[in-house]
Amino acid sequence: MSTQLGSIATTSPLPRQPESGRSRHTEEEIFYRNCRAAYLSVFRTSLENITSKDQLCLVLQQAGRNPSKKMLGKYWTQYTEKLNFDDFCEILKNEKLTGKNELMKAFKKLDLNNDGYITHEELFKILTTNGERMTYEEVKKIIDEVDINNDGKLDYNEFCKLFLATVETSQKNSLARLEAITKIKQQQFGSSTVALLELSSSTSSKPLLATSRNPETDLIPKVDGRLSSRTLSARSRKASTTSTITMAATTAKGLKLTEPKSMKNWQHAWSKGCFFLEEDGGIVSHQYRLELHQTTNVYLTIRPLNLSESEGKLSPWMNVDTSLYVLRIDGDSEVLEVVCATELREKEKFGWKGELRSGIYHLLPFTTGCRLRKRRKSKTREAKLVHREDGNLALTKEFRAALSDIFEIIDLDGNGLLSFDEYNFFELRTSGEKCDRGAWVVCQENFDTRQNELTRQGFMDLNLMEANDREGDPKDLWVTLESMGYSKTLEMHEACPFVINIYAEDSKLKLTPVSLETGGNLLNSVICKSVISNGEAKAMKNCSNLSETRVIVHVNNEQSKNCVSSRGLSIFAVEVPPRTTTVCQHVMPINEKLEWIYSCTESIVT
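We now turn to the structure provided with this report. (Residues numbered from 1 in each chain as written. Predicted model: local features only at pLDDT ≥ 70, side-chain atom pairs only at ≥ 80, totals over all residues. Heavy atoms only, no water.)

Points about the pairing of strand β20 (residues 551-556)
Phase 1: Summarising burial for β20: five of the six residues are buried, a large majority.
Phase 2: Pairing of β20 with strand β22 (residues 571-576) involves six bridges; the strand directions are antiparallel. From the neighbouring strand, V553 faces β22, where its bridge partner is V574. (Buried < 20%, exposed > 50% of the residue type's maximum accessible area, 1.4 Å probe, protein only. Helix = DSSP H or I, 4+ residues; strand = E, 2+ residues; numbered from the N terminus. Pairing = 2+ DSSP bridges.)

Structural data, given as structure tokens:
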């Protein structure tokens, strides 16, 4: 089930929040207030998105962080187009402020004489030759700033004090600006807006793009007061629309997938792939090219890939929904049109059968994401990746098991070896860069290969080498694991491997993985057309966005029962561009054997 949105609303008064909704400042409330203060130091409202790596760096600095290139690359990958305020809050939860003890510990490793000083020559050498190398000019600027007495040495204790004082000043300035905005709003809107502002500082245990937070930030005037109260009050909320649908428990009846009787004699091609959940909530997956030499009957399926070796036990992602859209270029127009999609089902397998003409097709795997959501940080101890055996570093049994599963996932053709192209998909996912041919040759020369492809043991040794290069520091290994969907307990929560099988009755066929990326606007358009044409979309009443401006739609699913949303939240907001229709969310039952109730209240802010 999907909710379709496209809207523009008339003006109505801003509702007053009850006094009882106010809560005392807790640690979490203070955290979100600091987040908002930092965000509004860079952006006018928290509805604005971070649209570049430079913006992300700037707003993190305003929050008192010191983002390295590696940190930025972790959250802004080659697939990232934008991050919102909630994403920013999650990043700050993950990237804690650097304390004085940590800074002092780092400097003491460089202080060979243990006298509290580092010479300029040592600092130049370290900062220009190791890690994220700085230029001579960048290092000189740092030294000129902190070396007050020009004695050629850096007193790193004083430097740490200066650094932390700068961070504290930046945070105080951000909070002061937020307080100034609050006073202006109080003067222009009265107590109802102030109540809304104070309520927005209070959050639940999970990050919400909630009704109480975003209208508040969207109403923020410029500090110089150039925006009039009339302009500001134009942003208001329309009366809500509520939809409630009750669905019976899923049964075996309906469109059931059955194999063609003579399928064992058909031509067959297959490939593995994987869905990966991104930091911004988007989903990346492998995409494919299918070549058919002549018109033929085709049977194609997609299903989650079970990696469990225990008999009778399935991998936890086997309940993730999967589907496959088949597209083809429409004649001379060079426009891709949807030919078919996997609408038949047999347990966790989805499929389609019918006739396809000869030619080249594009295959786009899709999951709603309802059952592929971010997991909260576990309080259990972080899994150990390496240990020492007879003085030498070795991979732990648990880490080797995780690497073995990763090998199974990235071995797309299932031949037990990694080709150059397969390894490249892995590199793109984990580092954002491709492996060049020269580096691949070096890999072949130093690690176990067969038929010029990397073996499972070679892949293990490659990761062990990385651990040795970092002297046992597992930080880079965790970057690899997290990008592959693993949690700190070595459980794969944010990824779902799948397998595609295609059978052709009268034609040779070739299936080739061609990319690892989001479906983007193309897939979004395909999904919109599909859910609308199949009658699965629930449209908002009296809604058509005919203006040239965006609208914000707040969605509340709190009254739903036995439901899970692709948004992963009970309350959230959706930005609808002008003259568009968009799928707001996909909804599925948590337990398909039980009745489920979908209740959704939509409030439109123009």
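Additional details are given in the paragraphs that follow.
Some thoughts on helix α15 (residues 456-469)
Phase 1: An ideal rise of 1.5 Å per residue puts 20 Å on 14 residues; α15 measures up with 20 Å between its terminal C-alpha atoms.
Phase 2: Taken residue by residue, α15 has G458, F459, M460, L462, N463 and A467 as its buried positions.
Phase 3: Lining the buried residues of α15 we find β13 (386-389), β14 (392-395), α12 (397-410), α13 (420-431), β16 (453-454) and α16 (475-483).
Phase 4: Within two residues after α15, E471 carries a phi angle of roughly 55 degrees, on the positive side. (Expected span 1.5 Å × (residues − 1). Contact = heavy atoms within 4.5 Å.)

Description of the side chain of N501
Phase 1: Tracing the backbone through its elements, the reader meets N501 in strand β17 (residues 495-504).
Phase 2: Given the relative accessible area of 14%, N501 is considered buried.
Phase 3: Side chain to side chain, N501 and H268 meet in a polar contact 2.7 Å long.
Phase 4: Not counting residues up to four positions away in its chain, the partners in contact with N501 are H268, A269, W270, Y299, L300 and T301. (Polar contact = N/O pair within 3.5 Å; in protein donor to acceptor, adjacent residues only side chain to side chain.)

Regarding α12
Phase 1: Over its 14 residues, α12 extends 20 Å from the first C-alpha to the last, a length consistent with the 20 Å expected when each residue adds 1.5 Å.
Phase 2: For α12, the full list of buried residues reads F399, A402, L403, S404, I406, F407, I409 and I410.

Some points on the nonpolar core
Phase 1: Ranked by size, the top nonpolar core spans 72 residues in total, and within it L363, I406, F459, L481 and I502 carry the most contacts.
Phase 2: With seven residues, α12 is the single largest residue contributor to this core.
Phase 3: When sequence neighbours within four positions are dropped, the list of residues in contact with I406 reads F426, F459, L481, M484 and Y486. (Core = buried A, V, L, I, M, F, W, Y, C linked by side-chain atoms within 4.5 Å.)

So, unusual backbone geometry
Phase 1: Not every positive phi belongs to a glycine, and D390 is a case in point at roughly 55 degrees.
Phase 2: Its location among the elements puts D390 in the loop between β13 and β14.
Phase 3: Given the relative accessible area of 83%, D390 is considered exposed.

Here's the deal with the state of the cysteines
Phase 1: For the structure shown, the criterion picks out zero disulfides.
Phase 2: Between C35, a cysteine without a disulfide, and C89, which holds the nearest cysteine sulfur, the sulfur-to-sulfur distance is 3.9 Å.
Phase 3: The thiol of C443 is not disulfide-bonded; the next cysteine sulfur, from C435, is found 6.8 Å away. (Disulfide = S-S within 2.5 Å.)

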